[in-house]
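# Survey of secondary and tertiary structure
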Amino acid sequence: MRKKLVAACLLACMVFTTTACGSGSDSKAASKSGSDGTGSALFTGELEENVTIQVLENDTAISEGYFQELIDAFNEEYKDKGIQAVDANMDQYLDLANDGPYGYGPDVLYQANDVIMKYAEGKHILPLPVEDLDCYDQIPESAWQAYQTEVDGKTYTCGVPVNVQAPMLYYRKDLLPDDWESTWDKDSDGVPDMTENWSSMYEYSVARHSEDSSKYGYMKSLNDMYFASGFLFSYGGYIFGDNNTDASDIGFAAGEAEKGANVLSQLASAMNEDCIDDTITTNAYSKLADGTYFATISTPDVYSTFLAELEKEYVSEGLSEDDAAAKAKENLVMTSLPQLPESGDLTDGSTEMIDSKSMGGVNGYAISSYTKAPNACLEFVKFATSYEMTKLRAETLGVAPAREDAAEEVGGVSKEIYQNLDNGNIILMPSITEVSQIWTPGQTFFIDLAKDVYRPESEKKYTSLESMKAGLEDMCNQINEAITTLQ
Amino acid sequence: MKNRITYKKSAGNLLDTGITYIILLVVAFIFFFPCLWLILASLSKSGSMYSFDGFFPQSYSLDTFKKLFQDTTMYNYPKWFLNTLFVATGSCILGTFLTILTAYTMSRFQFKARKPMMKATMVLGMFPSFMGMTAVYLLMTQFGLINHLWGLILIYAAGAPMGYLTQKGFFDTIPKAIDEAAKIDGATNFQIFTKINLPLAKPMIVYTALTSFTWPWSDFILPKLLLKEKNLYTVAVGLMSLDETEFARFAAGSVFIALPIVILYFCLVKNMVDSVSAGAVKG
């Protein structure tokens with residue numbers, strides 16, 4: 001009798017299991033059939049009614065008031081459909097992988113492409129039917145690629161690019177020498193030479209520091225791989241092979257990348273030991289404002305922070321708040337990176353210049369897999385990436401839009417960044433998970449390179465281009481080992 | 001001869017006292033200096049630590065404190081402060097109540113599982129509390145207590161009785177003869193606890209309340225784990241979320257958060273000293 005009971009239980013278990021598996025595959029098949037494009041089958045086009053979607057934006061967009069304008073405009077447009085967007089009110093560096101499955105993550109999130117693609121790999125992000133968006137044709141292919149992933153031979157796009165992040169040169173116009181037009185504008189184009197090429201920047205940095213030992217020219221922490229690696233890319237280096245998708249081919253030492261390391265080393269020699277660690281990155285806002293530094297590089301999204309610090313400085317000098325704001329806006333310049341000497345030597349006086357390349361990122365919107373209202377979320381993404389909102393975003397925050405039409409309209413730096421992206425001078429962060437292994441070995445090399453400048457002559461490690469090449473190759477090996485070990 | 005000995009003795013005393021004072025002053029300075037630096041940094045006019053003249057700010061103003069309470073668009077410090085106060089007060093009341101009850105039970109009542117329970121709590125107390133954080137997180141998601149300040153209060157209060165040994169030690173010093181006399185006079189266990197032992201344990205209650213208050217007041221890990229919404233942050237989590245350019249706000253927030261603890265300490269220090277000295281005499 002007992003045996004019969006056990007057999008019956010086992011049979012019941014088997015039947016239930018088979019049924020469960022069967023219905024799952026059916027529903028999967030049904031889901032697949034519901035979608036023609038590459039977007040998730042959840043995007044049926046039928047808007048969920050009376051829903052509130054939580055949107056996670058970046059802090060600058062919130063503090064500058066853009067986000068409030070965006071959700072107000074969206075809520076006004078969709079009030080008849082009962083869709084309301086609200087601030088997710090969470091830390092901008094969220095943990096969707098842990099919080100999402102329990103229902104505590106946002107529905108729509110605005111993040112950098114590498115963050116979104118990390119979530120996409122864990123299936124925490126929905127693939128989007130991007131071909132249906134009106135911004136599709138306006139955004140360059142390279143920006144879309146930053147959000148693409150391939151599964152079973154099919155390409156899925158998991159985010160919509162909104163703005164391009166790339167290093168920009170920040171400098172103070174009012175710190176230029178009085179006679180710069182006669183002494184620092186050899187090509188007489190009305191633009192100071194030091195902001196046009198790194199050789200002049202180096203020369204000016206040395207001159208400024210020798211004139212007053214408390215003042216510096218160009219200052220930037222070298223330990224930041226994001227900013228430093230651009231110098232390697234300019235001379236033929238790259239991150240991964242096959243358009244940043246083949247992690248077995250690590251290219252930081254490729255081409256004549258050692259020339260980039262040499263330029264960095266020369267620039268570090270005109271700074272101080274603060275360039276070895278994070279110090280300059282954190283104090284650049286106040287040091288540029290008080291005139292200690294003449295120039296630095298950073299991303300466009302911190303323009304408002306630089307501006308606010310400079311305004312504060314002018315107010316402390318006795319100007320009214322309005323005058324200080326106007327003066328700061330006039331004197332703080334954000335422009336494209338200067339050109340590099342083809343020779344890779346800032347001191348040889350060569351005039352052959354090449355364009356600077358840089359590592360960049362694309363920030364954009366993505367939709368959480370755990371949302372209860374995917375169609376409403378997609379409407380929000382469509383609305384937020386529309387021409388009007390992208391233009392407003394660029395104007396309010398000073399960021400560079402990924403949309404060509406908005407970049408054209410805003411002009412200035414936005415257009416320059418768009419063009420740099422379009423012509424390949426901005427190398428976007430790869431969207432594969434292996435990219436997370438490049439930072440630590442990279443940082444170790446650049447710290448060592450910066451330290452080397454301040455070592456006694458007899459202890460210097462990087463005395464020639466060959467030794468720099470060897471250092472870069474060592475860094476690539478370390479990255480490879482890290483990737484292989486963690487696979 | 002006698003005069004010489006007295007002179008030598010007083011000179012020795014003076015030297016001894018002088019050295020002791022010097023050592024105490026040096027130690028006090030070492031501990032006080034970081035606090036002083038933080039207080040001065042919070043009053044820095046420029047708001048950036050990189051503009052300091054050496055160690056200290058060049059000019060001072062109260063602007064950062066004004067900003068801390070008025071500019072709440074991104075960082076709502078007043079709200080964080082109230083959240084912290086709510087969690088600390090709730091945990092303090094509930095935690096003190098549970099700890100005193102546990103300690104009293106373990107001290108006064110003999111029951112079969114008493115010894116095993118004491119041993120078990122002692123062993124469990126040796127494990128660091130953050131060891132079970134993942135389990136706590138999963139449990140709280142199941143109870144729907146993520147993003148609820150009550151969730152924090154429950155965890156703090158439930159964990160508080162684990163440290164009942166100090167309180168038990170105090171109750172052990174109160175002679176059981178008093179309980180027995182009250183029992184002969186017809187008092188119930190509840191009356192003995194509330195009318196006799198509780199008033200005698202006042203210094204220990206104050207000590208328990210103070211420690212139950214200070215732990216949630218300054219804790220970071222648990223609120224960081226359970227609170228996802230910025231408006232629910234406690235001060236510790238909120239200050240850690242500040243942007244790197246907000247150093248002055250961080251310093252001002254850190255100084256202000258210390259105030260209630262300092263005030264509470266000065267108000268209750270007499271009771272705490274009483275608790276220690278009472279224990280010493282009875283022991």
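### Notes on the overall build of chain A
Along its length, chain A carries 20 helices and 15 strands. With respect to the three principal axes, the spread of C-alpha positions in chain A is 100 × 55 × 35 Å. Looking at chain A residue by residue over its 487 residues, the buried ones come to 53%. The contacts in chain A between residues at least 6 apart in sequence include a share of 73% that link residues at least 24 apart. Entry remark: accessible area of chain A is about 21,500 Å², with carbon and sulfur atoms responsible for 48%. Within chain A, the 82 negative side-chain charges are centred at a point lying 8 Å from the centre of the 33 positive side-chain charges.

### Side note on the packing of aromatic side chains
Residues and elements named next belong to chain A. The final tally for this structure, using the stated rule, is 38 aromatic pairs over all chains. Summarising the aromatic geometry, the rings of Y285 and F306 are spaced 4.7 Å apart at their centres and angled 45° between planes, so their arrangement reads as tilted. Taken together, the positions of Y285 in helix α12 (residues 279-289) and F306 in helix α13 (residues 303-316) put the pair 21 residues apart, joining distant regions of the chain. Look at Y285 and you get buried, because its relative accessible area is 8%. We classify F306 as buried; its relative accessible area is 3%. A network of ring pairs unites the aromatic residues F74, Y78, Y110, Y365, F380 and F383 as a single cluster. Geometry around F227 places K220 over its ring, the cationic atom sitting 3.9 Å from the centre. One Lys or Arg, R393, reaches over the ring of Y110 and ends 4.1 Å from the middle of that ring.

### A short note on the nonpolar core
Of all hydrophobic cores here, the largest spans 165 residues; its most connected members are W198, F252 and F380 of chain A. Once residues within four sequence positions are removed from consideration, W198 of chain A is found in contact with L169, Y218, F231, L267, I297, L337, P338, Q339, L340, L346 and S356 of chain A.

### Observations concerning the pairing of strand β4 (residues 148-151) of chain A
On any regular strand, side chains alternate: one points to one face of the sheet, the next to the other face. Residue and element names in this part refer to chain A. With four bridges joining them, β4 and strand β5 (residues 154-157) adopt antiparallel strand pairing. Considered in β5, the bridge of T149 is made with Y156. The antiparallel pairing of β4 with β5 creates a hairpin that spans two residues between the two strands, and D152 there sits at a positive phi of about 50°.

### Here's the deal with unusual backbone geometry
All names here are of chain A. With phi around 50°, N50 is a residue other than glycine that occupies positive phi space. Within the element layout of this structure, N50 appears in the loop between α1 (2-33) and β1 (51-56). Judged by its relative accessible area of 68%, N50 falls in the exposed class.

### Here we look at the environment of N375 of chain A
Residues and elements named next belong to chain A. Relative to the elements of secondary structure, N375 occurs in helix α15 (residues 374-384). Assessed through its relative accessible area of 6%, N375 is described here as buried. When the C-alpha atoms of N375 and G361 are compared, they prove to be 27 Å apart, with 14 residues separating the residues in sequence. Look past the residues within four positions of N375 in its chain and what remains in contact with it is L42, F43, T44, G45, E46, L47 and E48. A distance of 3.3 Å separates a polar side-chain atom of N375 from the backbone oxygen of L42. Engagement of the side chain of N375 in a polar contact is seen with the side chain of E48, the distance being 3.0 Å.

### Quick notes on the interface of chain A and chain B
Contact with chain A, which involves 19 residues of that partner, is made by 21 residues of chain B. Summing the contributions of chain A and of chain B, the shared interface buries around 1,900 Å²; its carbon and sulfur component is 53%. Summed over the three residues of chain A that lose the most area to chain B, namely N89, Y102 and Y104 of chain A, the buried surface amounts to 33% of that side. Across the chain A-chain B interface, the total number found is two salt bridges. Of the charged contacts, one joins D99 of chain A and K228 of chain B as a salt bridge, the two residues approaching to 3.0 Å between their closest N and O atoms. The interface formed by chain A and chain B includes five residue pairs in polar contact (both at pLDDT 80 or more). Elements with a contribution of two residues or more to the side of chain A that touches chain B: α2 (59-63), α4 (96-99), α12 and α13 of chain A.

What counts as what
- In this numbering scheme, every chain counts its residues from 1 along its sequence in written order.
- Here the convention is simple: chains get letters from A, ligands get numbers from 1, in the order in which they are written.
- Totals for whole chains, interfaces and linings use all residues, but because this is a predicted model, local features are given only for residues with pLDDT of at least 70 and pairs of side-chain atoms are given and counted only at 80 or more.
- Values shown for side chains rest on all heavy atoms present in the structure; no hydrogens or waters enter the calculation.
- Each helix is a run of DSSP H or I of at least 4 residues and each strand a run of E of at least 2, with the numbering of both proceeding from the N terminus.
- Note on exposure labels: buried denotes an accessible area under 20% of the residue type's maximum, exposed denotes more than 50%, and partly exposed covers the range between, all computed with a 1.4 Å probe on protein chains only.
- Contact between two residues is taken to exist if any of their heavy atoms lie within 4.5 Å; hydrogens are not considered.
- All accessible areas in this document rest on Shrake-Rupley with a 1.4 Å probe, and a residue is counted as covered only by the protein chains that are shown.
- All tallies of charge rest on Lys and Arg as positive and Asp and Glu as negative; His and the ends of each chain are not included.
- Note on charges: their place is set at NZ of Lys, CZ of Arg, CG of Asp or CD of Glu.
- Two rings belonging to Phe, Tyr or Trp (six-membered ring only in the last case) form a pair when the distance between their centres is within 6.5 Å. Interplanar angles under 30 degrees mark stacking, angles over 60 mark edge-to-face geometry, and anything in between is tilted.
- A ring is scored as having a charge over it whenever the NZ atom of a lysine or the CZ atom of an arginine sits within 6 Å of its centre and within 35 degrees of its normal.
- Only buried residues count toward a nonpolar core. Its members are Ala, Val, Leu, Ile, Met, Phe, Trp, Tyr and Cys residues joined through side-chain atoms within 4.5 Å.
- When DSSP finds at least two bridges between two strands, those strands are taken to pair.
- We define a polar contact as two N or O atoms separated by no more than 3.5 Å, with the added condition that, inside protein, one atom must be a possible hydrogen donor and the other a possible acceptor, whereas residues neighbouring each other in sequence contribute only through side-chain atom pairs.
- The term buried area denotes the loss of accessible surface (1.4 Å probe radius) that occurs when two parts are joined, taken as the sum for both partners.
- What counts as a salt bridge is simple: a side-chain nitrogen of Lys or Arg found within 4 Å of a carboxyl oxygen of Asp or Glu.

Spatial relationships are all this shows, so hold off on functional conclusions.
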